[in-house]
Amino acid sequence: MPRITLPDGSIRQYDAATTAAQVAADIGPGLAKAALGAKINGKLSDLSTLIEHDCALALVTPKSRDGQVDTDALSMLRHSCAHVMAEAIQKLYPGTMLVYGPALDTGFYYDMAFASGRAPSTDDFAAIEVEMAQIIAENRPFTRYDLTLDAGLSKLQTEGSKFKIDNAERAKEGGSTTLSWYATGSPSTNWEDLCRGPHIPSTGRIGAFKITSLASSYWKGDETLDRLTRVYGTAFATKPELEAYLKQVEEAKKRDHRLLGKQLRLFHIDEMVGQGLVLWTPRGAVVRQELQTFIGEALREQGYQQVFTPHIGKLELYRTSGHYPYYRESQYPPIVDHDAMSKLASEGCSCGELANRLERGEVEGYLLKPMNCPHHIRIFASEPHSYRDLPVRLAEFGTVYRWEQSGEIGGLTRVRGFTQDDAHLFVREDQVSAELQGCLALVKLIFATLGMSDYRVRVGLRDPTSDKYVGESANWDKAEEACRSAARSLGVPFSEEPGEAAFYGPKIDFVVRDVIGRSWQLGTVQVDYNLPIRFDLSYIGADNKEHRPVMIHRAPFGSMERFVGVLIEHFAGAFPLWLAPEQVRVLPISEKSEEYAKEVLAAIKALGMRATIDAGNERIQARIRDASEAKIPYLAVVGPRDAQQRVVSLRAFGIDANLGELPLDQFLLRLGAEYRTRGSESLKAALTP
RNA sequence: GCCACCGUAGCUCAGUGGUAGAGCACACCCUUGGUAAGGGUGAGGUCGAGGGUUCAAUCCCCUUCGGUGGCUCCA
């Protein structure tokens, strides 16, 4: 006698067990038609799930009452589409074994093991899609049936897919007492797949779908296990939604920093120089320099001291720090000098042997620095310190080199050589909390100044079950609490992620997404009790005894490369005035006004600003178009009328209109103010109606 | 590093087993035009590199370098 409570609080009572589909039908034919699934006591379920007991029931439809797309519905739809795709592929590629096919935020994928040499290519998508369309047109019901664990496992053993057997065994370990299959149609006659579900009622409910890409993956994400082929796709309830999504993806791609970097000539990566090695061209260098100047001002206010250190250091330094050999895989190989090399060669030393000798410290070499901390530590250690001197804050735009896997490198966001806006703070125990706050204030200042609000904060804590961390538990407790309270003080949500701490201490990371949805860590603040011990750092306390300082590693931008990459996408290439490589372009209407235009140009340059003149042969329309495409913040159009009245006719990027005339001296005053205040006094905003 | 796809002029891209084309950009000429493309002429390519098949390769095959999407990794 189930009593079913609906989301509006109303209760429906049934004499016997029923289904969500029946409840939907009883409420109304429209709902019955729209429903894709149900939430029974909060658990996403098939519409056909038998309801035998009292429960709370919510029907899941593609769009919720307020017209928003329902993510649960979309997720069921996509997972169901993954089944349809798997069936199509297994039909076209007999012998293909299925592994795992979940829904994603933007679609779905299915991992598959193809018979060797039989994997499809992107050219085969169309054929697969035709097959899928057929299955959808047949509108076959997704039919669930359950077997006991034993019966299910023996069925899987007979079928012989180790992947599915493994899935079933994991379900067993997870506490399942039965195994479920979903047939697309009728069990025993139609295609079926071991699956926990839930699914939409029938294939016909998949309104629109598309196979999007192909990738390889590892079974269970473990590179020592089987290599699988992952086929990605997406699906929506309706065709217009799919089209809108595809269009949105296209639009996002136009903001891609790799594309804009080329169009706007911000940076260049040259295969002759090397993969992942960024060449900052003059225009991009301006952006970076402005950011460095900006943060540099904040650093001076916070009492940082600037240092410079070289790009390499002795291997022994990194043996002490622990970077070598623990992270050797991520480093460029050591540099060995000529004499040592000749000597080794004359001894017939093999490469393998050389590696071993480097490892054991029998051959000395230099390392391209993977991190700046060891150099900064040696600066700190170069003179004695009193407790009165602390905190010592050493800052450097330090360039580091890491051997990233070739397949992972791309654009500015993942590179092999990058410059961190790095600093290391050597602080007393009692200063940790306040200094952390200071570091976070810097990150906050950056995000606020640049108008970036779409970021996520991650507090990386130690894994309580692991013993891979150094330092005393009491110190960790203090450090973690300092990180937590510092993160709390930011006033934005953050996630605590156990196991994400560095081995020497907890950290706070700032994570943003790029235009294609990938997450990147930008700023980071880390508390470190370990390196001071490894380098035996000390200061003299008020008690005239030696004490161990605590280190804070922090880089509010993260790396200049990655940050600028993300920033290009954030602004879609249209930088605010203070960052823009070219801030103003002066456009004389014709040669008759060129003299005055040059005068305007000189006056802007006298403000220390970046301006050019385009006195080319083209008509003004064409030159305005060129300047707009270059995303230049201000265009000063000057013709004979302007020259006579000593005004400029202004245009601002993003406003497709003449903003009117402004007296030259006014223009210069307000332009300079906007630049100096980094946009808080905006000329454009003042002129915009 | 792994899998798939891609690599043709500075950029965006056509194209073909018989040694290449467009648009934009560039140069020059005409035009001196008041707010998103004025007109003309011209220059520009070892078709990423190496090897193979073929009478003949930019095109087919192999290798390699680089790019893209994922996987893995990211101290």
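All values reported here derive from a predicted model rather than from experimental measurement.

(A) How the structure looks around the sheet that holds strand 5 (residues 43-45). As summarised here, the arrangement of the five strands in space is 2-1-7-4-5, forming an open sheet in which the pairing is mixed. Bordering the open sheet on either side are strand 2 (11-13) and strand 5, each of which pairs with just one other strand. Strand after strand, the sheet turns through a mean of 35 degrees between neighbouring axes, direction not considered. The sheet contact formed by strand 1 (residues 3-5) and strand 2 spans three bridges and is antiparallel. Paired with arginine 3 across the two strands is glutamine 13, which belongs to strand 2.

(B) A look at helix 9 (residues 282-301). Here helix 9 is 20 residues long and its end C-alpha atoms lie 29 Å apart, about the 28 Å a rise of 1.5 Å per residue gives. For helix 9, the complete set of buried residues consists of Arg283, Gly284, Val287, Arg288, Glu290, Leu291, Gln292, Phe294, Ile295, Gly296, Ala298 and Leu299. Taken from the residues just after helix 9, glycine 303 is the one with a positive phi, measuring 80 degrees.

(C) How the structure looks around the pairing of strand 25 (residues 519-528). Burial analysis of strand 25 places eight of its 10 residues in the buried class, the great majority of the element. The loop that links strand 24 (residues 507-513) with its antiparallel partner strand 25 comprises five residues; one of these, glycine 517, has a positive phi angle of about 90 degrees. Taken together, the five bridges between strand 25 and strand 28 (residues 550-555) define a ladder with antiparallel strand orientation. The partner of valine 527 across the bridge, within strand 28, is isoleucine 552.

(D) Geometry of the pattern of salt bridges. According to the stated counting rule, one finds 43 salt bridges in the structure shown. Its salt-bridge partner being lysine 162, residue aspartate 226 comes within 2.9 Å of it at the nearest N-O pair. With aspartate 226 in the loop between strand 13 (208-218) and strand 14 (227-236) and lysine 162 in helix 6 (residues 162-173), this pair connects stretches of sequence that are 64 residues apart. Of the residues examined, aspartate 226 reaches a relative accessible area of 26% and is grouped as partly exposed. Since its relative accessible area comes to 40%, lysine 162 is described here as partly exposed. Salt-bridge contacts for glutamate 435 lead to arginine 393; the nearest nitrogen and oxygen are separated by 2.9 Å. Of this pair, glutamate 435 sits in helix 15 (residues 432-450) while arginine 393 sits in strand 20 (residues 392-401), and the two are 42 residues apart along the sequence. Each member of the pair, glutamate 435 as well as arginine 393, carries the same accessibility label: buried. Taken together, the shared-partner salt bridges in this structure form one network comprising Lys343, Glu347, Glu353 and Arg357.

(E) Region of the structure containing the protein's contact with RNA strand B. For RNA strand B, the set of nearby residues contains 57 residues, the closest of which are Tyr218, Glu408, Glu591, Asn617 and Arg625. Within the contact set of RNA strand B, a base nitrogen lies 2.8 Å away from a backbone nitrogen or oxygen of leucine 214. Between RNA strand B and arginine 619 there is a distance of 3.4 Å, counted from a sugar or linking oxygen to a side-chain nitrogen or oxygen. Of all elements in the fold, only strand 13, strand 14, helix 8 (257-263), helix 20 (620-629), helix 21 (640-645) and strand 32 (647-652) reach the threshold of two or more residues within the surface near RNA strand B.

(F) Geometry of the nonpolar core. Ranked by internal contacts, the top residues of the largest apolar core, which has 86 residues, are Leu291, Leu450, Phe563, Ile604 and Phe667. Top element by residues in this core is helix 15. It accounts for nine residues. If near-sequence neighbours (up to four positions away) are discounted, isoleucine 604 is found in contact with Val584, Val586, Met609, Ala611, Phe667, Leu668 and Leu671. Residues Leu74, Cys81, Phe114 and Leu242 belong to the second largest nonpolar core, which totals 38 residues.

(G) Broad picture of the packing of helix 9 against helix 18 (residues 560-570). At a minimum axis separation of 11 Å, helix 9 and helix 18 run at an interaxial angle of 110 degrees. With respect to helix 18, the axis of helix 9 lies roughly perpendicular. Contact with helix 9, carried on its side by Val287, Arg288, Leu291 and Gln292, involves Met560, Glu561, Phe563, Val564 and Leu567 of helix 18 and no other residues of that element. For the contact of helix 9 with helix 18, the per-class residue count stands at six nonpolar, one polar and two charged.

Criteria and thresholds
- Residues numbered from 1 in each chain as written.
- Chains lettered and ligands numbered in written order.
- Predicted model: local features only at pLDDT ≥ 70, side-chain atom pairs only at ≥ 80, totals over all residues.
- Heavy atoms only, no water.
- Pairing = 2+ DSSP bridges.
- Helix = DSSP H or I, 4+ residues; strand = E, 2+ residues; numbered from the N terminus.
- Axes fitted to C-alpha atoms, helices over the stretch in contact; angles between N-to-C directions.
- Expected span 1.5 Å × (residues − 1).
- Buried < 20%, exposed > 50% of the residue type's maximum accessible area, 1.4 Å probe, protein only.
- Salt bridge = Lys/Arg side-chain N within 4 Å of Asp/Glu carboxyl O.
- Near = heavy atom within 4 Å.
- Polar contact = N/O pair within 3.5 Å; in protein donor to acceptor, adjacent residues only side chain to side chain.
- Core = buried A, V, L, I, M, F, W, Y, C linked by side-chain atoms within 4.5 Å.
- Contact = heavy atoms within 4.5 Å.
- Parallel < 35°, antiparallel > 145°, perpendicular 65-115°, else oblique.
- Nonpolar A, V, L, I, M, F, W, Y, C, P; charged D, E, K, R; others polar.

This is a description of form; function is not addressed.
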